[in-house]
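# An overview of the molecular structure
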2 protein chains.
Amino acid sequence: MNINDIRCILIVGMGTMGQKIALQCATHGYEVIAYDVSRQSLETARANIKCYAEQLVDQKRLTPEESNVALARISFTTNPDEGTRVDLLSESVPEDPDLKAKVFAQFNRICPPHTIFTTNTSTLVPSLYAEATGRMKQFVALHFYGVWDHNLADIMPHPGTSPETVKIVTAFAKRIGQVPFVFKKEIPEYVANAILAAIASTALKLVFVDEVASVEDVDRAQMIVMGMPIGPFGWLDYVGLDTVLQITQRKAEISDDTQLQTEADRLKSEYVDKGWLGVKSGRGFYTYPDPAYAHPDFLTGAAGS
Amino acid sequence: MNINDIRCILIVGMGTMGQKIALQCATHGYEVIAYDVSRQSLETARANIKCYAEQLVDQKRLTPEESNVALARISFTTNPDEGTRVDLLSESVPEDPDLKAKVFAQFNRICPPHTIFTTNTSTLVPSLYAEATGRMKQFVALHFYGVWDHNLADIMPHPGTSPETVKIVTAFAKRIGQVPFVFKKEIPEYVANAILAAIASTALKLVFVDEVASVEDVDRAQMIVMGMPIGPFGWLDYVGLDTVLQITQRKAEISDDTQLQTEADRLKSEYVDKGWLGVKSGRGFYTYPDPAYAHPDFLTGAAGS
């Protein structure tokens, strides 16, 4: 088996990431089967994928013809038996290891023996549900960020993944326009996420625990000193403050750290409980679609403080 | 006393930072007295300041006339008694609290009562030597990064600093082209440094302790995912690997953390002991003046891995 044997891709789970990955595979010549258990989710996905394709055309990254050809390559289904004709599966269901195990076990019964299974998990390690896939050697994490922007793809094998699978999935990632980051071994957190988490936790501590500076102060400092286009809190708005709260809360419980608990409490009461979840809800640390940090006078400190 | 009473600036310590601050004050209209105990250091400083001014002219940030006028405003001296006519002192001597205390005590005897004292310390808190200044209320940290690039200035009061001093020094920072970051209170680390330290420590752990990825992998991932112009290891090369080793070693000793000790040991044996200190020595994690991460193919992963 080699990269040229990969022709048909099954995307399992049609949330935001599933939608983006489906479109990216289709614009790079793959036949795509977009699967979800919910007919409603599939309809939303179909509409969103069309919007994404239009944005890419507007940005001159696709011609209208390429966009039409790509969209025609994607079929939407609630029927898992479509899995009988796929060569690679990309899973993006919610971050629940039991659910993921169940989904992989189901498709292990349906998909042909050669099919490679990949998980787009952001926070779990593949070994948590490798056994449930029934095809340990052909299973690896293939994790996306922005898909067409911020086009890094983490490829993290679990101890049972075969080198051949890593090789094919790496080649596949490149074919769909990703820069592959192949991990030498499994670790609890992807590199980019680990560094983002370190930045976030320091930034949250400075504002919520030490109380030495404002959200805007911290972001401005990072943007000026490190040349980052978006500061730590701007980033957290992109991640989603409900997700940030969940991660902070879990870390606080595991470590029994009162500082982390203070961060979680303030994030909950001052943001999440008010429905301020970041970019997706129109408000988080900043208001969207026109956040203060994107204004030219933000960096001079003329606005705000 | 107000900002218009600040006319003559004494820069104490003519290393790299002292040189840059001296030139920046002079290009913004201030009379500058550049003081160092070493005549040799003063000669080096004079030559370097001239080079910096030429670079600013080449970059069209100064006209040749402005550069000449600015250079003429700077006088160089080994005589501390020149301090009798200054309104603000900016100290950039080595990071030794006893030395800084001695220097401030000396200039407290020489400078007029109205003179404001500032320290450009990167790693110490101002309260460590506030008492030695003999003028607690008129003493505050005023800390620079790149001075004309990355023009953030941290203004960190100690508990005895007067609000008036903070106000005047903030206005002064703005007048010399800095974006002021005023701390609500003293903390052990500036915000931008605290976040850089968190990034560095995570990056060093991933490469030296977890051994899951290469220096280039980590930098590439951060540059792609967060849009950073320079990745964590590229940054450490700028900071200087001897400085990074010193900080890591100190943290390892305080926390008795074996992971940190591993990071320090490897940094020492694989880099610092070989004289690879980063940008300043021509080699660190990358080679200079043409580091791999600045090449267009670095981000695609085509080079290196």
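This text follows the structure it describes.
What counts and what doesn't
Residues numbered from 1 in each chain as written. Chains lettered and ligands numbered in written order. Predicted model: local features only at pLDDT ≥ 70, side-chain atom pairs only at ≥ 80, totals over all residues. Heavy atoms only, no water. Contact = heavy atoms within 4.5 Å. Buried area = accessible area lost by both parts, 1.4 Å probe. Salt bridge = Lys/Arg side-chain N within 4 Å of Asp/Glu carboxyl O. Polar contact = N/O pair within 3.5 Å; in protein donor to acceptor, adjacent residues only side chain to side chain. Helix = DSSP H or I, 4+ residues; strand = E, 2+ residues; numbered from the N terminus. Nonpolar A, V, L, I, M, F, W, Y, C, P; charged D, E, K, R; others polar. Pairing = 2+ DSSP bridges. Axes fitted to C-alpha atoms, helices over the stretch in contact; angles between N-to-C directions. Expected span 1.5 Å × (residues − 1). Buried < 20%, exposed > 50% of the residue type's maximum accessible area, 1.4 Å probe, protein only. 1 Å grid on protein atoms, 1.4 Å probe; cavity = no way out; pocket = protein on both sides within 12 Å on 5 of 7 lines; lining within 4 Å. Points joined across faces, edges and corners; volume = space filled by probe spheres on them.

### Looking at the interface of chain A and chain B
Much of the literature gives interface size as the accessible area that the parts lose upon coming together. Of the residues lining the interface, 42 residues belong to chain A; the matching set on chain B comes to 42 residues. Of the roughly 3600 Å² buried between chain A and chain B, counting both surfaces, carbon and sulfur atoms make up 76%. For the chain A face of the interface with chain B, the top three residues by lost area are A:Val212, A:Val225 and A:Met226, together amounting to 19%. Here chain A and chain B share zero salt bridges between them. Our enumeration of links across chain A and chain B arrives at eight residue pairs in polar contact (both at pLDDT 80 or more). Mapped onto the side of chain A that touches chain B, the elements with two or more residues apiece are strand S8 (179–182), helix H6 (191–209), helix H7 (215–226) and helix H8 (232–239) of chain A. The greatest single-element share of the side of chain A that touches chain B, amounting to 10 residues, is contributed by H6(A). Class assignment of the residues belonging to the side of chain A that touches chain B gives a composition of 28 nonpolar, eight polar and six charged.

### As for the sheet that holds strand S4 (residues 88–91) of chain A
Residue and element names in this part refer to chain A. Spatial strand order, S3-S2-S1-S4-S5-S6-S7-S8: eight strands in an open sheet with mixed pairing. A single partner strand is all that each edge strand has here, and the edge strands are strand S3 (74–77) and S8. The mean angle between the axes of side-by-side strands here comes to 25°, regardless of whether they run parallel or antiparallel. As defined by bridge partners, strand S7 (residues 152–157) adjoins S8 across four bridges and the pair is classed as parallel. Note on S8: the bridge partner recorded for Ile155 is Val182.

### Comments concerning helix H6 (residues 191–209) of chain B
Residue and element names in this part refer to chain B. End to end, H6 covers 26 Å across 19 residues, agreeing with the expected 27 Å (1.5 Å per residue, within 8%). Summarising burial for H6: 16 of the 19 residues are buried, a large majority. Within two residues after H6, Glu211 carries a phi angle of roughly 55°, on the positive side.

### Concerning empty space enclosed by the protein
Residue and element names in this part refer to chain A. For the coordinates displayed, the defined rule picks out one cavity of 30 Å³ or more. Considering only enclosed or pocket space, the largest cavity measures out at about 30 Å³ in volume. Around the largest cavity sit Ser122, Thr123, Leu124, Val125, Met156, Ile187, Pro188, Glu189 and Tyr190, which together line it. Classifying every residue of the lining of the largest cavity gives six nonpolar, two polar and one charged.

### Focus: the side chain of A:Thr77
Relative to the helices and strands, A:Thr77 is located in strand S3. Engagement of the side chain of A:Thr77 in a polar contact is seen with the backbone nitrogen of A:Asn79, the distance being 2.9 Å.

By themselves, these observations are geometric and do not establish any function.
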